[in-house]
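# Summary of the model geometry
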Amino acid sequence: MMKAFIHVQHLLGSGHIVRAVALAKALVRMGLDVTLATGNHIPDTLNCDGLTVIKLPVVRAANARFDVLLDEYNNPIDAVWWEQRISATLSAFSAEHFDLLLTETYPFGRRMFAAEMTRLLECAGSKLSPPWITCSIRDILVRKDASWKEEWMASQATAFYDRILVHSDPQLITMEDSFPYADRVNSLVRYTGYISDDRQSSSSSSDGMDETIVSCGGGAVGAALLKAALSTHTHMPIGSSDRWRILVGQDYPEDQFQHLASHRTAQMIVERARPDFPALLKKAKLSISQAGYNTVVDILRAGVPAVLVPFAQAAETEQTQRALSLFKRGRVVAVPENVLTPETLAQAAQKAMALAPSDLHAALNGAEVSAQILAEDLGLKPQINEPHGIIWERNISRDL
């Protein structure tokens, strides 16, 4: 059995780990043995069954500027921590032979982890039988304040990588839309469509039926949106939505969650984020959320009317660009964070519910397509095995 090693590091939200787990499980279904190495807590809403999970020393961002990194005890990380982290990563990767090394985001982000990642990539390249090295990135990259940083990304990619998987539909967003040196890496790029994870997408519960679902992903951000939503329903026309359900990320501080929860009523439900979020959206009347990758994919899959309030603190541009792309296509209503109030959110909600049905069709099978691309890269070939469908076998000629 071929083996894959996936390195992923989420620092603030949960989008990176959600995509990595979905891709890892698609590789497992393809017949690979997958080890997932991650340096932050995996959200309770994620199911990692079938994966070997390696827990690296924990690190998270102190804020949206990503200028301070904290360990699991909320202490700033130091040189000793970095040595322990690098050692743990190399030890996990060197424990056995891997045919595939996949780094999530890096080198198109996470530059502060360059010392660790360079050692990992050099280790992989020095092996007698080097793994196929792949980078997995979302649809939109965060623009940098200096062009040399983006040029460095392209240089790292061409120096170390065999493949770049871009998890977007190029009919909506291409790599060129957020990366000025895309032409330097185009020969490595394959578009996969958007990755949708395998969280529960159907439910016999009545939860979500004709509700307005307010969410901010699985991370610790979104306070302004959550607070505005608490009283937005009072500005809505009678009968526009009888029940509101506010879902709060698992990493949102407990004391702040309890403050939000103190506003619960029969028609205003406040609870932690749920693994059946996609199922709730399918039955909902309206979605109000930030514009994170996973949430937007869930909205597109559910076909629910939506208001997007993109996270735009510090130098973040990703969510704004994603929201504008869908707004221009008449799929959502967008509200900039700097004008967010209960009144503006209520106005946007009414506009969203009045939008004409969209004919936007985005490719949402990115995990499966990614796994197929990588299987072909590894020299595997599909074999029909009725009644079980397609399986993949090693094409020995790749090694000759």
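Residues numbered from 1 in each chain as written. Predicted model: local features only at pLDDT ≥ 70, side-chain atom pairs only at ≥ 80, totals over all residues. Heavy atoms only, no water.

### Notes on the packing of aromatic side chains
Stated precisely, the cut-off is as follows: Each aromatic pair joins two rings of Phe, Tyr and Trp (for Trp, the six-membered one) with centres within 6.5 Å, and gets the label stacked for planes under 30 degrees apart, edge-to-face for over 60, and tilted for any other angle. Secondary structure is summarised from DSSP: a helix means a run of H or I of at least four residues, a strand means a run of E of at least two, and numbering begins at the N terminus for each. Working definition: with a 1.4 Å probe on protein chains only, accessible area under 20% of the residue-type maximum means buried, over 50% means exposed, and in between means partly exposed.
Overall, the coordinates contain nine aromatic pairs when judged by the stated rule. With a centroid separation of 5.2 Å and 65° between ring planes, the pair formed by Phe5 and Phe98 is classed as edge-to-face. With a gap of 93 residues between them, Phe5 in strand β1 (residues 3-8) and Phe98 in the loop between α2 (79-94) and β6 (100-104) connect regions that are remote in the sequence. Residue Phe98 is classed as buried on the basis of its relative accessible area, which comes to 2%. Measuring from ring centre to ring centre gives 5.4 Å for Tyr194 and Tyr293, while their planes differ by 45°; the resulting arrangement is tilted. Of the two residues, Tyr194 is situated in the loop between β9 (189-191) and β10 (212-215) and Tyr293 in helix α8 (residues 293-302); the sequence distance between them amounts to 99 residues. An identical accessibility class is assigned to Tyr194 and Tyr293; each is buried.

### What about the pairing of β10?
This is how it is decided: At least two bridges found by DSSP between two strands are what make those strands a pair.
Here β10 shows a buried face lined by Thr212 and Val214 and a second buried face lined by Ile213 and Ser215. Across four bridges, the pairing between β10 and strand β11 (residues 244-248) is parallel. When the bridges of β11 are listed, Val214 appears paired with Ile246. Examined bridge by bridge, β10 and strand β13 (residues 286-289) share four bridges and lie parallel to one another. Counterpart to Ile213 in the pairing with β13 is Ser287.

### What to know about the sheet that holds β6
Where we set the bar: Here, axes are lines fitted to C-alpha atoms. For helices the fit covers the stretch in contact, and angles between N-to-C directions go from 0 to 180 degrees.
One open sheet holds the seven strands; their spatial order is β3-β2-β1-β6-β7-β8-β9, and the pairing between them is parallel. In this open sheet, the two edge strands, each paired with only one partner strand, are β3 (52-55) and β9. The sheet shows a mean angle of 20° between the axes of neighbouring strands, direction not considered. As judged from the four bridges shared by strand β2 (residues 33-38) and β3, these two strands associate in the parallel manner. What sits directly across from Leu36, in β3, is Val53.

Geometry only, nothing functional implied.
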